[in-house]
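Here is what each chain is made of, one letter per residue.
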2 protein chains.
Amino acid sequence: MNQVIQLLNSHRSIRKFTSQAVEQEQINQYIQAGQAAATSSFIQACTVIQVNHPDTRASLAEWAGNQTYVKDAPRFLVFCADMNRHRISCEMHDSEMLSGFTEQFITATVDCALFAQNVAIAAESEGLGVVYIGGLRNKINHVTDALSLPQLVYPVFGMCLGYPDQDPEVKPRLPLEVVLKQDRYDDSTDAELIATYDQTVRTYYQQRTGGQKEMSWSEQISTMLRKEARPHMLSFLQSRGYLRR
Amino acid sequence: MNQVIQLLNSHRSIRKFTSQAVEQEQINQYIQAGQAAATSSFIQACTVIQVNHPDTRASLAEWAGNQTYVKDAPRFLVFCADMNRHRISCEMHDSEMLSGFTEQFITATVDCALFAQNVAIAAESEGLGVVYIGGLRNKINHVTDALSLPQLVYPVFGMCLGYPDQDPEVKPRLPLEVVLKQDRYDDSTDAELIATYDQTVRTYYQQRTGGQKEMSWSEQISTMLRKEARPHMLSFLQSRGYLRR
């Protein structure tokens, strides 16, 4: 296993950071690495808002469900799926823009995720730690207002960056046989494999929490899926020009 | 710039491969690196179908718009956003599953993209080349049938992998100032910056095609957006249990 693959395999979310600064030059370099990721039909549909202002950071931390590291991390970035610059391009050529297609929502969102993952890896390759913040979607309308996002731009997630001040274990993942299938989707052994994996996750939590928590993966998932998942998202996205057809 | 960031910056799509085999052991390693990516609330919602059967590969190549490398590449993977295993988990605990939320569509799709980008980087770190195949969404219903994908599983994109038999240039990206903004979204200089970038792209194509092609970025984008973007996607995804609310 080469060093790059070792780096990828060593990822864990970091939520506590030292006071060591992350220079703007570093952020710029990570963003450029993000831009180098594949982009569907060359659309380049990701924009990053670097949030520096302490008041905005405090608001974002609260909206994300009181995740204090959103406020306290040396750097905080918001990754936005962006088709505003495509609107500008159409205007430059007096060309009508057909928007609102679900397909465009997918390509812009995927573009953003590929970009962000490159940013995460670039940062981790320099010894930084990161955590993705999906919690921004809790109050996505407030986030949109606070960052003055125009139509056709939506915040997919945020990311905290800094030098780690904690060293959590890597979380065990599902067995390879569950996530990699040959030629066709066959889930006939998945329940059994998940049950075995559940033991691994239970042991992981036991060791990590000194016996305080010991929930299995399938328990966590089934508990989570009893609740509605941010039911405001569809109407919000439609109001911003996405998912209309 | 360290070697990892150099690797990220050197990405270009590879569509022509040597006959050198990519071993199953390598694919397994890349998939495990994919699993190591961040996953929203630990949902692990990506499943990869490795397509080996020549007839299926030929069909996928045709459906993707006659992209012959889908058939000919040493390996071809289909990355699926998957909440079928979450359904199984709920059944294991006799728990009702609330599904169909747009939010779940986002988390599963983003999970898939983060996973795939790790796979791409792992493969590239060993000297392979890759290309993402969004064209699978042209005939997404056929792809779904051919791979026996159940409800709550949808193919986001494919990926060809192999050792490169071509050495294309890295495609120039948008200026940093367009994609990285401070504190709030300000697009007041974007049109100007895009116009400058248009020249860069035009020069890139001129040099690459010996003067045959010289379309700018904004021209490409405005031409593309005059057409409908896979208008079947919304109803297809709804029929598979996604984007219903």
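Residues numbered from 1 in each chain as written. Chains lettered and ligands numbered in written order. Predicted model: local features only at pLDDT ≥ 70, side-chain atom pairs only at ≥ 80, totals over all residues.

Participant: Outline the nonpolar core, listing residues and values.
Facilitator: Side chains of nonpolar character tend, in soluble globular proteins, to be buried together. Core analysis: the biggest nonpolar cluster contains 160 residues, and A:Phe79, A:Cys112, A:Met159, B:Phe79, B:Cys112 and B:Met159 have the highest contact counts within it. Excluding anything up to four places from it in sequence, A:Phe79 contacts A:Cys46, A:Val48, A:Cys112, A:Phe115, A:Ala116, A:Val156, A:Phe157 and A:Met159. (Core = buried A, V, L, I, M, F, W, Y, C linked by C-beta atoms within 7 Å. Buried ≥ 20, exposed ≤ 12 C-beta atoms within 10 Å, placed from the backbone. Contact = placed C-beta atoms within 7 Å.)

Participant: I'd like to hear about the packing of helix 9 (residues 190-209) of chain A against helix 5 (residues 84-92) of chain B, residue by residue, with values.
Facilitator: Between helix 9 of chain A and helix 5 of chain B, the least distance of the axes is 10 Å, while the angle of their chain directions is 70°. Here helix 5 of chain B runs roughly perpendicular to helix 9 of chain A, going by the angle between their axes. Contacts between helix 9 of chain A and helix 5 of chain B pair A:Asp190, A:Ala191 and A:Ile194 from the former with B:Arg85, B:Ile88, B:Ser89 and B:Met92 from the latter. (Axes fitted to C-alpha atoms, helices over the stretch in contact; angles between N-to-C directions. Helix = DSSP H or I, 4+ residues; strand = E, 2+ residues; numbered from the N terminus. Parallel < 35°, antiparallel > 145°, perpendicular 65-115°, else oblique.)

Participant: Describe the interface of chain A and chain B, listing the residues and the values that go with them.
Facilitator: Taken together, the 102 residues of chain A in the interface contact 102 residues of chain B. Looking at the side of chain A that touches chain B element by element, the count peaks at 14 residues for helix 6 (residues 102-125) of chain A. Taken together, the residues of the side of chain A that touches chain B break down into 51 nonpolar, 34 polar and 17 charged. As defined by bridge partners, strand 5 (residues 180-182) of chain A adjoins strand 1 (residues 46-50) of chain B across 3 bridges and the pair is classed as parallel. (Nonpolar A, V, L, I, M, F, W, Y, C, P; charged D, E, K, R; others polar. Pairing = 2+ DSSP bridges.)

Participant: Give me the sheet that holds strand 5 of chain A: which residues, what numbers.
Facilitator: What the 5 strands build is an open sheet, ordered 5(A)-1(B)-2(B)-4(B)-3(B); its pairing is mixed. The sheet is open, and its two edges are formed by strand 5 of chain A together with strand 3 (129-133) of chain B, each paired on a single side. Each strand of the sheet is rotated relative to its neighbour by a mean of 25°, with strand direction disregarded. Relative to strand 2 (residues 75-82) of chain B, helix 6 (residues 102-125) of chain B is tilted by about 155°, and along the sheet it contacts strand 1, strand 2, strand 3 and strand 4 (153-162) of chain B.

Participant: How would you explain the pairing of strand 4 of chain B if you had to name every residue and give the values?
Facilitator: All names here are of chain B. A large share of strand 4 lies buried, amounting to 10 of its 10 residues. Pairing of strand 2 with strand 4, which is carried by 8 bridges, proceeds in the antiparallel orientation. Looking at the pairing, Phe79 lines up with Phe157 of strand 4. The pairing of strand 3 with strand 4 spans 5 bridges and is classified as antiparallel. Bridging from a neighbouring strand, Tyr132 pairs with Met159 of strand 4.

Participant: Can you lay out the environment of B:Leu152 for me, pointing to particular residues and giving the numbers?
Facilitator: Within the element layout of this structure, B:Leu152 appears in the loop between helix 7 (140-146) and strand 4. When near neighbours in sequence (up to four residues on either side) are disregarded, B:Leu152 contacts B:Met83, B:Asn84, B:Arg87, B:Ser99, B:Arg240 and B:Gly241.

Participant: Now, about the domain arrangement of chain A: what can you tell me, with residues and values included?
Facilitator: With domains assigned, chain A is organised as domain 1 (3-169 + 228-239) and domain 2 (176-214). One C-alpha centre belongs to domain 1 of chain A, the other to domain 2 of chain A, and the line joining them spans 29 Å. (Domains from an automatic or database assignment.)

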